[in-house]
Amino acid sequence: MGIEDYIEEKGKGSPIVFVHGSFATASTWKNMVSALAANHHCISIKIPGHGGAPEPEDFENPTIETELNIIEQAVKACTNEPIHLVGHSYGGVVALGLALKGSVAINEMTLYEPVAAWVLDVMKDVEKSAIVQTFLTRYRQAVSEKELYACAQVIDFWGGAGSFETLPDFIKEAMSPLVDNNIRHWDICTTIDNQLSDLQALAVPTRLVCGSESNAVAHAISDYLASEIPTSQKHRIKGASHFLVTSHVEECLSALRKPMIANN
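Q: Is there a simple way to think about the overall build of the protein in this case?
A: Across its full length, the protein carries twelve helices and seven strands. A globule of 264 residues ought to have a C-alpha radius of gyration of about 18 Å, and the protein, at 17 Å, matches this closely. For the protein, the spread of C-alpha atoms along the principal axes amounts to about 50 × 40 × 35 Å. Counting over 264 residues, the protein shows a buried share of 56%. Restricting the contact set of the protein to residue pairs at least 6 apart, pairs at least 24 apart contribute 77%. Only carbon and sulfur atoms are counted for the fraction: they give 51% of the accessible area of the protein, which is about 11600 Å². Put simply, the protein has 19 plus and 32 minus side-chain charges, and the middle of one group is 6 Å from the middle of the other.

Put into structure tokens, the structure is as follows:
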């Protein structure tokens, strides 16, 4: 398989690259892409093992470089212009990682609830880090015991109790085979070794978008990023939770379109 197996494209104009989250597919962005494609070249990335993309080959020693290499190749294949980079959840972790790496020309970035748990350690937030570790211990145990729908714990952790139960059965069934990939994502999110100085040196104007009803951990991560990235803006979407990019499309589009101004 080639790089085309990781890409969906629509529209013409200035390029926007979208990176979806864990347990998801590029269809996460379909409504936003439909609204943006009239004026933008929308490039949606399929992360490894999701939406028909090849499985990652680094389960034993997972590294974010697997995803970063894919996006680097995709951008090179699809455009020669600087991009607007957009990520949700784990896709936000990947997007942030690419911006910190500096290997692709990015003129702005929008992150919807990036689950960059490593930021909690960098900011020495012992309380929130402990919440994540307690959750992961319970979740890993459920996975090791092959608990049916262990993935529900992740959806409920980020989206709130009962979030998984509201999903259609076909989506629940599609999520179950992706648990190993999700564990890989958690391994990456909790072990990235960027430092506070890396965030403070980041020159990419960045929007941090959260739902008002989201997990306190998600809020803390976005708030810390907004406090340390020099040109950044925080946005809160009233009534939204972690899955805001599909539940509150118009509000997410509004945040993405807002001009960036220096505020730090």
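Q: Which parts of the structure should I look at to understand the environment of Asp198?
A: When you line up the elements, Asp198 lands in helix α9 (residues 196-200). Sequence spacing of Asp198 and Ile229 is 31 residues, and the spatial spacing of their C-alpha atoms is 8.9 Å.

Q: Sorry if this is basic, but what is going on with the side chain of Thr79 here?
A: Locating Thr79 in the fold gives a position in the loop between α2 (65-78) and β4 (83-88). Here Thr79 falls in the buried class, since its relative accessible area comes to 15%. Within the local environment of Thr79, its side chain forms a polar contact with the backbone nitrogen of Glu81, the two atoms lying 3.1 Å apart.

Q: How should the nonpolar core be read in this particular structure?
A: Note on soluble globular proteins: their nonpolar side chains tend to be buried together. Within the largest apolar cluster, 71 residues are counted, with the highest numbers of intra-cluster contacts made by Phe23, Leu85, Leu96, Met109, Trp118, Tyr139 and Trp186. The contact partners of Leu96, leaving out residues within four places of it in the chain, are Met109, Leu111, Ala116, Trp118, Leu199, Leu202, Leu225 and Ile229. Grouped together as the second largest cluster of nonpolar side chains are 19 residues, Leu36, Val86, Ala240 and Cys252 included.

Q: Quick question: what am I supposed to make of the pairing of β4 here?
A: Looking along a regular strand, one sees the side chains alternate between the two faces of the sheet. Summarising burial for β4: six of the six residues are buried, a large majority. The sheet contact formed by strand β2 (residues 14-19) and β4 spans four bridges and is parallel. Bridged to Ile16 within β4 is His84. A crossover connection joins β4 to the parallel strand β5 (residues 106-112) through helix α3 (residues 90-101); in handedness this β-α-β unit is right-handed.

Q: I'm lost on the environment of His185 in this one. Help?
A: Note that His185 resides in helix α8 (residues 179-189). The spacing of His185 and Leu167 is 18 residues in sequence and 22 Å in space, taken between C-alpha atoms. Among residues more than four places away in sequence, those in contact with His185 are Ser22, Ile47, His50, Glu67 and Tyr90.

Q: Where do I start with the packing of aromatic side chains in this structure?
A: Between two aromatic rings, the relevant description is the distance of the centres plus the angle of the planes. With the rule as written, the count across this model stands at nine aromatic pairs. Seen from their ring centres, Phe18 and Trp29 are 5.1 Å apart, and the 45 degrees between their planes marks the pair as tilted. Of this pair, Phe18 sits in strand β2 while Trp29 sits in the loop between β2 and α1 (30-36), and the two are eleven residues apart along the sequence. Trp29 shares its class with Phe18; the two are buried. Ring geometry for Trp158 and Trp186: centres 5.8 Å apart, planes at 10 degrees, overall stacked. One end of the pair, Trp158, is in helix α6 (residues 151-159); the other, Trp186, is in helix α8, with 28 residues separating them in the sequence. Of the residues examined, Trp158 reaches a relative accessible area of 6% and is grouped as buried.

What counts, and where the lines are drawn
- Residues numbered from 1 in each chain as written.
- Predicted model: local features only at pLDDT ≥ 70, side-chain atom pairs only at ≥ 80, totals over all residues.
- Heavy atoms only, no water.
- Helix = DSSP H or I, 4+ residues; strand = E, 2+ residues; numbered from the N terminus.
- Rg over C-alpha atoms; globule rule 2.2 N^0.38 Å.
- Buried < 20%, exposed > 50% of the residue type's maximum accessible area, 1.4 Å probe, protein only.
- Contact = heavy atoms within 4.5 Å.
- Areas by Shrake-Rupley, 256 points an atom, 1.4 Å probe, with all protein chains shown as cover.
- Lys, Arg positive; Asp, Glu negative; His and termini not counted.
- Charge placed at Lys NZ, Arg CZ, Asp CG, Glu CD.
- Polar contact = N/O pair within 3.5 Å; in protein donor to acceptor, adjacent residues only side chain to side chain.
- Core = buried A, V, L, I, M, F, W, Y, C linked by side-chain atoms within 4.5 Å.
- Pairing = 2+ DSSP bridges.
- Right-handed = clockwise from strand over helix to strand, strands pointing away.
- Phe/Tyr/Trp six-rings, centres within 6.5 Å; stacked < 30°, edge-to-face > 60°.

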